[in-house]
Amino acid sequence: MHYLKQSIILLGLAAVSVGVLAQEEKAPSKFTYATYFYCDVTGQERADEIVKAKNAPVYDQMVKDGVISAWGWLAHHTGGKWRRVQYYQASSMDGLLDAQAEMDKRFEAAGDDGTDMEFGKICNAHEDYIWEVEGGSSGEGRGEAGFFGL
């Protein structure tokens, strides 16, 4: 009976140790600010061109400067009303919101407010969401295509 009690205690300690190790190995937090755009289908490729020309250089530099950890522009494939999603990521909620203020400063310094009249006519409505990433993988750089989901 004494050995049974010792075995149960040892198993309990092992379970607690594994739980502590799992918590220590948890990936750092990552938050995503995503803007879902509703766009005129006939102009969405032009919207892509505008984002590539105006937004990409600012966002790419912000990644290099460490202000954000990643950003992307996603094209609609299947389902729903939204046609495009623009997102960026940071390691904290404060970092995410600070990045938004920094974007505004950088666009203003470039003589742009980050909006575009033509883009606004093509993609005339949007919804913003902030997500906390709970799983996934981290590869190097952005891929040619991506799937953004729950």
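Scroll up to find the structure this text is about.
This is a predicted model, so every value here is computed, not measured. Counting restarts for each chain, with residues numbered from 1 along the sequence as it is written. Since the coordinates come from a predicted model, pLDDT governs what is reported: local features require at least 70, and pairs of side-chain atoms require 80 or more to be given and counted, while whole-chain, interface and lining totals use all residues. The side-chain values count all of the structure's non-hydrogen atoms but skip hydrogen atoms and water molecules.

K.L.:
Can you help me understand the overall build of the protein chain in this one?
P.N.:
Numbering of helices and strands runs from the N terminus, with a helix taken as a DSSP run of H or I at least four residues long and a strand as a DSSP run of E at least two residues long. Helices and strands together make up the secondary structure of the protein chain, namely four helices and four strands. What you see in the protein chain, going N to C, is helices and strands ordered as α-β-α-β-β-α-α-β. The buried share of the protein chain, taken over its 150 residues, is 27%. It only takes one pair of heavy atoms within 4.5 Å for two residues to be counted as in contact. Long-range contacts, defined here as pairs at least 24 residues apart, represent 74% of the contacts in the protein chain between residues at least 6 apart. Note that accessible areas follow from Shrake-Rupley with a 1.4 Å probe, and for residues the cover is restricted to the protein chains shown. Of the roughly 10600 Å² of accessible surface on the protein chain, 56% is carried by carbon and sulfur atoms. With a 1.4 Å probe rolled over the protein chains alone, any residue whose accessible area is under 20% of its type maximum counts as buried; one over 50% counts as exposed, and the rest are partly exposed.

K.L.:
I would appreciate a short explanation of the pairing of strand 1 (residues 30-38) in the present structure.
P.N.:
Each regular strand shows side chains that alternate between the opposite faces of the sheet. The buried fraction of strand 1 is high, at seven of nine residues. At least two bridges found by DSSP between two strands are what make those strands a pair. Note: strand 1 against strand 4 (residues 125-133), nine bridges, orientation antiparallel. Residue alanine 34 lies in a different strand from strand 4, and its bridge partner there is tyrosine 129. Across seven bridges, strand 1 lies against strand 3 (residues 84-90) in antiparallel orientation. Residue pairing across strands places tyrosine 36 opposite valine 85, the latter belonging to strand 3.

K.L.:
I would appreciate a short explanation of helix 3 (residues 93-109) in the present structure.
P.N.:
Residues spaced three or four apart along an α-helix point in a common direction, a consequence of the helix completing one turn every 3.6 residues. When the terminal C-alpha atoms of helix 3 are compared, their 25 Å separation across 17 residues agrees well with the 24 Å that a helix rising 1.5 Å per residue should span. Residues Leu96, Ala99, Met103 and Phe107 constitute the buried set of helix 3. Axial view of helix 3: buried residues confined to an arc of 65°, hence all on one face. Across helix 3 from its buried face, at more than 90 degrees, point the exposed residues Asp94, Asp98, Lys105, Glu108 and Ala109. Summarising the contacts, the buried residues of helix 3 are in contact with strand 1, helix 2 (44-64), strand 3 and strand 4. Glycine 111 sits one or two residues past helix 3 and shows a positive phi near 80°. One fewer than the residue count of a helix, multiplied by 1.5 Å, yields its expected span. As used here, the arc is the angular range of directions from the helix axis to the C-beta atoms.

K.L.:
Is there a simple way to explain the sheet that holds strand 3 in this structure?
P.N.:
One key point about sheets: their strands pair by backbone hydrogen bonds, in either a parallel or an antiparallel sense. Spatial ordering of the open sheet is given by 2-3-1-4, a layout of four strands whose pairing is antiparallel. A single partner strand is all that each edge strand has here, and the edge strands are strand 2 (70-75) and strand 4. The sheet shows a mean angle of 15° between the axes of neighbouring strands, direction not considered. Contacts from helix 3 reach strand 1, strand 3 and strand 4, with the element oriented near 120° to strand 3. Think of each axis as a best-fit line through the C-alpha atoms, taken over the contacting stretch in the case of a helix, with angles from 0 to 180 degrees between the N-to-C directions.

K.L.:
Hey, could you run me through the packing of aromatic side chains in this one?
P.N.:
When the centres of two rings from Phe, Tyr and Trp lie within 6.5 Å, Trp using its six-membered ring, the rings pair. Their planes under 30 degrees apart give stacked, over 60 give edge-to-face, and anything left gives tilted. Considering all chains together, one arrives at nine aromatic pairs under this definition. Taking 5.2 Å as the distance between ring centres and 90° as the angle between the ring planes, the aromatic pair formed by phenylalanine 37 and phenylalanine 119 counts as edge-to-face. One end of the pair, phenylalanine 37, is in strand 1; the other, phenylalanine 119, is in helix 4 (residues 117-122), and 82 residues separate them in sequence. Relative accessible area serves as the criterion here: at 10%, phenylalanine 37 is assigned to the buried category.

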